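Take a look at the letters that make up each chain.
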Amino acid sequence: MSEPLVIVGAGGHGRETAFAFLLGANSVDFLGFLDDRACGTTVEGWPILGQITDAAKHTSACFVVAVNDPRARRSIVARLGALGVARWGSVIHPEVRLHNSAQLGVGCSVLGGCQLTTNIRIGDHSILNRGAQVSHDCAVGDFCSLNPSATVAGNVSIASGTELGSGCTIRQGITIGAGATIGMGAVVVKDVPDNAVLIGNPARVLRSNSPWLTQ
Ligand SMILES: CC(C)(COP(=O)(O)OP(=O)(O)OC[C@H]1O[C@@H](n2cnc3c(N)ncnc32)[C@H](O)[C@@H]1OP(=O)(O)O)[C@@H](O)C(=O)NCCC(=O)NCCS
(Lines give C-alpha, C1' and ligand atoms only; values in the text may rest on other atoms or scores of the structure.)
Protein backbone atom coordinates (compact mmCIF):
# COMPACT_ATOMS: atom_id res chain seq x y z
CA MET A 1 0.00 0.00 0.00
CA SER A 2 1.30 3.48 -0.74
CA GLU A 3 -0.45 5.48 2.02
CA PRO A 4 0.74 5.27 5.64
CA LEU A 5 -1.31 2.95 7.83
CA VAL A 6 -3.52 3.69 10.84
CA ILE A 7 -4.63 0.66 12.86
CA VAL A 8 -7.95 1.02 14.65
CA GLY A 9 -7.82 -0.91 17.91
CA ALA A 10 -4.73 -0.97 20.14
CA GLY A 11 -5.68 -4.22 21.90
CA GLY A 12 -3.91 -7.53 21.47
CA HIS A 13 -4.91 -8.11 17.87
CA GLY A 14 -4.14 -4.51 16.92
CA ARG A 15 -0.62 -4.76 18.31
CA GLU A 16 -0.06 -8.12 16.62
CA THR A 17 -1.21 -6.54 13.36
CA ALA A 18 1.27 -3.67 13.83
CA PHE A 19 4.03 -6.18 14.48
CA ALA A 20 3.18 -8.14 11.30
CA PHE A 21 2.95 -4.95 9.24
CA LEU A 22 6.27 -3.56 10.45
CA LEU A 23 8.12 -6.79 9.63
CA GLY A 24 7.56 -5.85 5.99
CA ALA A 25 7.46 -2.04 6.12
CA ASN A 26 9.34 0.97 7.42
CA SER A 27 8.30 2.46 10.74
CA VAL A 28 7.35 5.73 9.01
CA ASP A 29 4.68 3.78 7.12
CA PHE A 30 2.80 3.13 10.39
CA LEU A 31 1.27 6.28 11.88
CA GLY A 32 -0.17 4.62 15.00
CA PHE A 33 -3.40 3.50 16.64
CA LEU A 34 -6.85 4.97 17.12
CA ASP A 35 -8.64 3.52 20.12
CA ASP A 36 -11.53 4.88 22.18
CA ARG A 37 -10.30 3.07 25.28
CA ALA A 38 -6.57 3.72 25.10
CA CYS A 39 -5.00 6.12 27.56
CA GLY A 40 -1.62 7.76 27.17
CA THR A 41 0.23 8.65 23.99
CA THR A 42 2.00 5.38 23.23
CA VAL A 43 1.55 1.64 23.58
CA GLU A 44 4.70 -0.51 23.45
CA GLY A 45 6.44 2.48 21.88
CA TRP A 46 3.87 2.91 19.10
CA PRO A 47 1.84 6.15 18.94
CA ILE A 48 -1.74 6.40 20.12
CA LEU A 49 -3.19 8.99 17.77
CA GLY A 50 -6.47 9.48 19.60
CA GLN A 51 -10.00 8.17 19.47
CA ILE A 52 -11.94 6.85 16.48
CA THR A 53 -13.48 10.28 15.93
CA ASP A 54 -9.94 11.53 15.21
CA ALA A 55 -9.80 9.41 12.04
CA ALA A 56 -10.78 12.37 9.86
CA LYS A 57 -7.51 14.14 10.82
CA HIS A 58 -5.51 11.53 8.93
CA THR A 59 -6.53 12.40 5.42
CA SER A 60 -3.52 10.80 3.74
CA ALA A 61 -3.74 7.49 5.61
CA CYS A 62 -5.38 4.16 4.95
CA PHE A 63 -7.05 2.23 7.75
CA VAL A 64 -7.43 -1.31 8.99
CA VAL A 65 -9.75 -2.21 11.87
CA ALA A 66 -7.96 -4.75 14.06
CA VAL A 67 -10.73 -5.73 16.48
CA ASN A 68 -11.38 -9.46 16.49
CA ASP A 69 -15.11 -9.59 17.24
CA PRO A 70 -16.95 -9.48 13.88
CA ARG A 71 -19.92 -7.46 15.18
CA ALA A 72 -17.70 -4.88 16.89
CA ARG A 73 -15.52 -4.63 13.79
CA ARG A 74 -18.50 -4.03 11.50
CA SER A 75 -19.81 -1.34 13.83
CA ILE A 76 -16.42 0.44 13.84
CA VAL A 77 -16.13 0.24 10.05
CA ALA A 78 -19.59 1.82 9.80
CA ARG A 79 -18.55 4.61 12.22
CA LEU A 80 -15.40 5.28 10.21
CA GLY A 81 -17.41 5.33 6.99
CA ALA A 82 -19.72 7.95 8.51
CA LEU A 83 -16.61 10.03 9.31
CA GLY A 84 -15.59 9.92 5.65
CA VAL A 85 -12.96 7.18 5.84
CA ALA A 86 -12.92 5.38 2.51
CA ARG A 87 -9.35 4.08 2.18
CA TRP A 88 -8.80 0.65 3.65
CA GLY A 89 -5.46 -1.11 3.74
CA SER A 90 -4.82 -4.82 4.17
CA VAL A 91 -1.94 -6.06 6.29
CA ILE A 92 -0.29 -9.29 5.14
CA HIS A 93 2.59 -10.76 7.13
CA PRO A 94 5.62 -10.71 4.79
CA GLU A 95 6.15 -14.47 4.99
CA VAL A 96 2.59 -15.31 3.88
CA ARG A 97 2.44 -16.23 0.20
CA LEU A 98 -0.79 -15.71 -1.71
CA HIS A 99 -1.38 -17.67 -4.91
CA ASN A 100 -2.13 -15.53 -7.96
CA SER A 101 -5.72 -16.77 -7.92
CA ALA A 102 -6.38 -15.55 -4.37
CA GLN A 103 -8.75 -12.61 -3.97
CA LEU A 104 -8.38 -10.66 -0.77
CA GLY A 105 -10.79 -7.85 0.09
CA VAL A 106 -9.95 -4.49 1.61
CA GLY A 107 -9.25 -3.88 5.29
CA CYS A 108 -8.07 -7.44 5.99
CA SER A 109 -5.26 -8.69 8.17
CA VAL A 110 -3.41 -11.93 7.49
CA LEU A 111 -0.93 -12.73 10.23
CA GLY A 112 2.14 -14.95 10.41
CA GLY A 113 1.94 -18.63 9.56
CA CYS A 114 -1.31 -18.44 7.60
CA GLN A 115 -1.56 -20.73 4.61
CA LEU A 116 -3.93 -20.00 1.76
CA THR A 117 -3.79 -22.23 -1.29
CA THR A 118 -5.55 -21.92 -4.65
CA ASN A 119 -8.80 -20.29 -5.76
CA ILE A 120 -9.60 -18.63 -2.44
CA ARG A 121 -11.79 -15.57 -1.93
CA ILE A 122 -11.63 -13.59 1.29
CA GLY A 123 -14.12 -10.74 1.73
CA ASP A 124 -13.58 -7.25 3.11
CA HIS A 125 -12.49 -6.54 6.71
CA SER A 126 -11.74 -10.17 7.52
CA ILE A 127 -9.03 -11.36 9.88
CA LEU A 128 -6.91 -14.46 9.37
CA ASN A 129 -5.05 -14.83 12.62
CA ARG A 130 -1.75 -16.63 13.16
CA GLY A 131 -1.52 -20.06 11.59
CA ALA A 132 -5.02 -20.13 10.09
CA GLN A 133 -5.25 -22.44 7.09
CA VAL A 134 -7.68 -22.04 4.20
CA SER A 135 -7.63 -24.74 1.53
CA HIS A 136 -8.49 -24.72 -2.17
CA ASP A 137 -11.77 -23.34 -3.53
CA CYS A 138 -12.96 -21.72 -0.29
CA ALA A 139 -14.99 -18.52 -0.02
CA VAL A 140 -14.81 -16.50 3.20
CA GLY A 141 -17.21 -13.57 3.53
CA ASP A 142 -16.83 -10.04 4.87
CA PHE A 143 -16.07 -9.39 8.56
CA CYS A 144 -15.01 -12.97 9.30
CA SER A 145 -12.43 -13.84 11.96
CA LEU A 146 -10.37 -17.00 11.65
CA ASN A 147 -8.67 -17.31 15.01
CA PRO A 148 -5.22 -18.85 15.46
CA SER A 149 -4.75 -22.26 13.82
CA ALA A 150 -8.32 -22.56 12.56
CA THR A 151 -8.22 -25.09 9.71
CA VAL A 152 -10.63 -24.94 6.79
CA ALA A 153 -10.64 -27.83 4.28
CA GLY A 154 -11.43 -27.42 0.58
CA ASN A 155 -14.68 -26.17 -0.99
CA VAL A 156 -15.95 -24.58 2.21
CA SER A 157 -18.22 -21.53 2.10
CA ILE A 158 -18.17 -19.23 5.12
CA ALA A 159 -20.72 -16.42 5.17
CA SER A 160 -20.11 -12.93 6.54
CA GLY A 161 -19.61 -12.21 10.23
CA THR A 162 -18.50 -15.70 11.18
CA GLU A 163 -15.83 -16.38 13.81
CA LEU A 164 -13.86 -19.62 13.75
CA GLY A 165 -12.36 -20.35 17.18
CA SER A 166 -8.74 -21.26 17.71
CA GLY A 167 -7.81 -24.71 16.50
CA CYS A 168 -11.20 -25.62 15.05
CA THR A 169 -11.44 -27.80 11.94
CA ILE A 170 -14.01 -27.44 9.18
CA ARG A 171 -14.69 -30.50 7.01
CA GLN A 172 -14.50 -30.15 3.23
CA GLY A 173 -17.60 -28.93 1.39
CA ILE A 174 -19.29 -27.41 4.47
CA THR A 175 -21.38 -24.22 4.37
CA ILE A 176 -21.28 -21.98 7.43
CA GLY A 177 -24.07 -19.43 7.81
CA ALA A 178 -23.70 -15.72 8.50
CA GLY A 179 -22.85 -14.57 12.01
CA ALA A 180 -21.99 -18.04 13.30
CA THR A 181 -19.33 -18.78 15.93
CA ILE A 182 -17.37 -22.01 16.01
CA GLY A 183 -15.81 -22.74 19.40
CA MET A 184 -12.15 -23.41 20.04
CA GLY A 185 -11.18 -26.91 18.97
CA ALA A 186 -14.56 -27.79 17.46
CA VAL A 187 -14.74 -30.23 14.56
CA VAL A 188 -17.49 -29.18 12.15
CA VAL A 189 -18.86 -32.03 10.04
CA LYS A 190 -22.29 -30.63 9.02
CA ASP A 191 -23.53 -27.35 7.58
CA VAL A 192 -23.96 -24.60 10.17
CA PRO A 193 -27.10 -22.38 10.32
CA ASP A 194 -26.87 -18.58 10.46
CA ASN A 195 -25.88 -17.19 13.89
CA ALA A 196 -25.36 -20.62 15.49
CA VAL A 197 -22.67 -21.10 18.15
CA LEU A 198 -21.12 -24.58 17.95
CA ILE A 199 -18.76 -26.49 20.23
CA GLY A 200 -17.26 -29.96 20.45
CA ASN A 201 -16.32 -32.92 18.28
CA PRO A 202 -18.49 -33.53 16.36
CA ALA A 203 -19.66 -29.94 16.73
CA ARG A 204 -23.13 -29.32 18.20
CA VAL A 205 -25.16 -26.16 18.68
CA LEU A 206 -24.59 -24.49 22.06
CA ARG A 207 -26.73 -21.38 21.55
CA SER A 208 -27.47 -18.62 19.02
CA ASN A 209 -25.76 -15.27 18.52
CA SER A 210 -27.72 -12.10 17.93
CA PRO A 211 -28.71 -11.98 14.25
CA TRP A 212 -26.08 -10.92 11.73
CA LEU A 213 -28.17 -8.47 9.79
CA THR A 214 -27.30 -7.79 6.19
CA GLN A 215 -26.65 -4.07 5.86
C1 LIG B 1 -17.79 -21.32 21.95
C2 LIG B 1 -17.69 -20.01 22.72
C3 LIG B 1 -18.02 -18.85 21.76
C4 LIG B 1 -18.72 -20.08 23.84
O5 LIG B 1 -18.64 -18.94 24.61
P6 LIG B 1 -19.85 -18.65 25.67
O7 LIG B 1 -21.15 -18.59 24.94
O8 LIG B 1 -19.41 -17.46 26.48
O9 LIG B 1 -19.93 -19.98 26.50
P10 LIG B 1 -19.43 -20.31 27.99
O11 LIG B 1 -17.99 -19.95 28.16
O12 LIG B 1 -20.43 -19.72 28.93
O13 LIG B 1 -19.54 -21.89 28.01
C14 LIG B 1 -20.78 -22.55 27.93
C15 LIG B 1 -20.51 -24.05 28.03
O16 LIG B 1 -19.82 -24.48 26.85
C17 LIG B 1 -18.54 -25.04 27.20
N18 LIG B 1 -17.59 -24.57 26.19
C19 LIG B 1 -17.30 -23.26 25.87
N20 LIG B 1 -16.43 -23.22 24.85
C21 LIG B 1 -16.17 -24.50 24.52
C22 LIG B 1 -15.34 -25.10 23.54
N23 LIG B 1 -14.63 -24.34 22.67
N24 LIG B 1 -15.31 -26.44 23.47
C25 LIG B 1 -16.02 -27.21 24.32
N26 LIG B 1 -16.84 -26.70 25.28
C27 LIG B 1 -16.90 -25.37 25.38
C28 LIG B 1 -18.23 -24.51 28.59
O29 LIG B 1 -17.37 -25.38 29.28
C30 LIG B 1 -19.60 -24.44 29.18
O31 LIG B 1 -19.99 -25.73 29.56
P32 LIG B 1 -20.92 -26.00 30.89
O33 LIG B 1 -22.22 -25.29 30.60
O34 LIG B 1 -21.03 -27.48 30.92
O35 LIG B 1 -20.17 -25.39 32.02
C36 LIG B 1 -16.25 -19.76 23.30
O37 LIG B 1 -15.99 -20.56 24.42
C38 LIG B 1 -15.15 -19.99 22.26
O39 LIG B 1 -14.64 -21.10 22.07
N40 LIG B 1 -14.77 -18.88 21.58
C41 LIG B 1 -13.64 -18.82 20.66
C42 LIG B 1 -12.43 -18.30 21.46
C43 LIG B 1 -11.17 -18.17 20.63
O44 LIG B 1 -11.04 -18.69 19.54
N45 LIG B 1 -10.23 -17.42 21.17
C46 LIG B 1 -9.03 -17.01 20.46
C47 LIG B 1 -9.05 -15.53 20.23
S48 LIG B 1 -7.75 -14.97 19.20
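In this text, all values refer to a predicted model and were calculated from it rather than measured experimentally.

All right, on to the overall build of the protein then. If you tally the helices and strands in the protein, you get two helices and 23 strands. The C-alpha atoms of the protein give 17 Å as radius of gyration, which agrees with the globular expectation for 215 residues (17 Å, within 12%). Within the protein, contacts between residues separated by at least 24 positions form 31% of all contacts whose residues are at least 6 apart in sequence. Just so you have it, the protein exposes about 9700 Å², and 51% of that area is on carbon and sulfur atoms. One way to put it: in the protein the 15 positive side-chain charges average out to a point 6 Å from where the 15 negative ones average out.

Let's shift gears to the site of the ligand. As a structural note, the neighbourhood of the ligand is formed by Asn147, Pro148, Gly165, Ser166, Thr181, Gly183, Met184, Ile199, Leu206 and Arg207. Within the side chain of Asn147, a nitrogen or oxygen atom sits 2.8 Å from an oxygen atom of the ligand. Residue Ser166 places a main-chain N or O atom 2.8 Å away from an oxygen atom belonging to the ligand. For the shell around the ligand, a count of residues per class yields four nonpolar, five polar and one charged.

When you line up the elements, Asn195 lands in the loop between β21 (187-188) and β22 (196-199). Residues in contact with Asn195, not counting those within four places in the same chain, are Arg71, Ala178, Gly179, Ala180, Arg207, Ser208, Asn209, Ser210, Pro211 and Trp212.

If you look at the biggest cluster of nonpolar residues, it comprises 30 residues, and the most contacted ones within it are Leu116, Leu146, Leu164, Ile170, Ile176 and Ile182. Each residue touching Ile182, except ones within four places of it in the same chain, is listed here: Glu163, Leu164, Gly165, Cys168, Ile170, Ile176, Val188, Val192 and Leu198.

What follows covers the pairing of strand β5 (residues 62-65). Here β5 shows a buried face lined by Cys62 and Val64 and a second buried face lined by Phe63 and Val65. One ladder, built from four bridges, connects strand β1 (residues 5-8) with β5; its direction is parallel. Bridging from a neighbouring strand, Val8 pairs with Val65 of β5.

This next bit is on the packing of aromatic side chains. Summed over all chains, the structure comprises four aromatic pairs. On the basis of an interplanar angle of 80° and a centroid distance of 5.3 Å, the ring pair of Phe30 and Phe33 is categorised as edge-to-face. For the pair Phe30 and Phe33, one class covers both residues: buried. Ring centres 6.1 Å apart and planes at 50° place the aromatic pair Phe143 and Trp212 in the tilted group. Of the two residues, Phe143 is situated in the loop between β13 (139-140) and β14 (145-146) and Trp212 in the segment after β23 (204-208); the sequence distance between them amounts to 69 residues. Taken as a pair, Phe143 and Trp212 share a single burial class, namely buried.

Next up on the list: the layout of surface pockets. Vacant regions in the atomic arrangement are exposed by a probe of water-molecule size rolled over the atoms. Size it by volume and the largest pocket reaches roughly 200 Å³. The wall of the largest pocket is formed by 16 residues, among which Gly9, Asp35, Arg37, Val67 and Ile76 lie closest to the centre. Taken together, the residues of the lining of the largest pocket break down into seven nonpolar, five polar and four charged.

Tracing the backbone shows Leu22 in helix α1 (residues 12-23). Each C-alpha atom, one on Leu22 and one on His136, is 29 Å from the other, the two residues being 114 residues apart in sequence. Non-local contacts of Leu22, meaning those with residues more than four positions away in its chain, are made with Ser27, Phe30 and Trp46.

Two residues of an α-helix separated by three or four positions point the same way, owing to the 3.6 residues in each turn. Between its terminal C-alpha atoms α1 stretches 17 Å, which fits the 16 Å expected from 12 residues at 1.5 Å a residue. Listed as buried for α1 are His13, Gly14, Thr17, Ala18, Ala20 and Phe21. Here the buried residues of α1 occupy an arc of 165° about the axis, which is enough to place them on one side. For α1, the secondary structure elements touched by its buried residues are β1, β2 (30-34), β4 (46-50), β6 (91-92), β8 (109-110) and β11 (127-128).

Right, let's talk about the pattern of salt bridges for a bit. By the definition in use, this model includes five salt bridges. The partner of Arg79 in a salt bridge is Asp36, and the shortest N-O contact between them spans 3.0 Å. With Arg79 in helix α2 (residues 70-82) and Asp36 in the loop between β2 and β3 (42-43), the pair connects residues that are 43 residues apart, well separated along the chain. The partly exposed category is assigned to Asp36, whose relative accessible area is 31%. A salt bridge links Lys57 to Asp54, with the shortest nitrogen-to-oxygen separation between them at 2.9 Å.

Criteria and thresholds
- Residues numbered from 1 in each chain as written.
- Predicted model: local features only at pLDDT ≥ 70, side-chain atom pairs only at ≥ 80, totals over all residues.
- Heavy atoms only, no water.
- Helix = DSSP H or I, 4+ residues; strand = E, 2+ residues; numbered from the N terminus.
- Rg over C-alpha atoms; globule rule 2.2 N^0.38 Å.
- Contact = heavy atoms within 4.5 Å.
- Areas by Shrake-Rupley, 256 points an atom, 1.4 Å probe, with all protein chains shown as cover.
- Lys, Arg positive; Asp, Glu negative; His and termini not counted.
- Charge placed at Lys NZ, Arg CZ, Asp CG, Glu CD.
- Near = heavy atom within 4 Å.
- Polar contact = N/O pair within 3.5 Å; in protein donor to acceptor, adjacent residues only side chain to side chain.
- Nonpolar A, V, L, I, M, F, W, Y, C, P; charged D, E, K, R; others polar.
- Core = buried A, V, L, I, M, F, W, Y, C linked by side-chain atoms within 4.5 Å.
- Buried < 20%, exposed > 50% of the residue type's maximum accessible area, 1.4 Å probe, protein only.
- Pairing = 2+ DSSP bridges.
- Phe/Tyr/Trp six-rings, centres within 6.5 Å; stacked < 30°, edge-to-face > 60°.
- 1 Å grid on protein atoms, 1.4 Å probe; cavity = no way out; pocket = protein on both sides within 12 Å on 5 of 7 lines; lining within 4 Å.
- Points joined across faces, edges and corners; volume = space filled by probe spheres on them.
- Expected span 1.5 Å × (residues − 1).
- Arc of directions from axis to C-beta.
- Salt bridge = Lys/Arg side-chain N within 4 Å of Asp/Glu carboxyl O.

Scope: geometric values only; no functional claims are made or implied.
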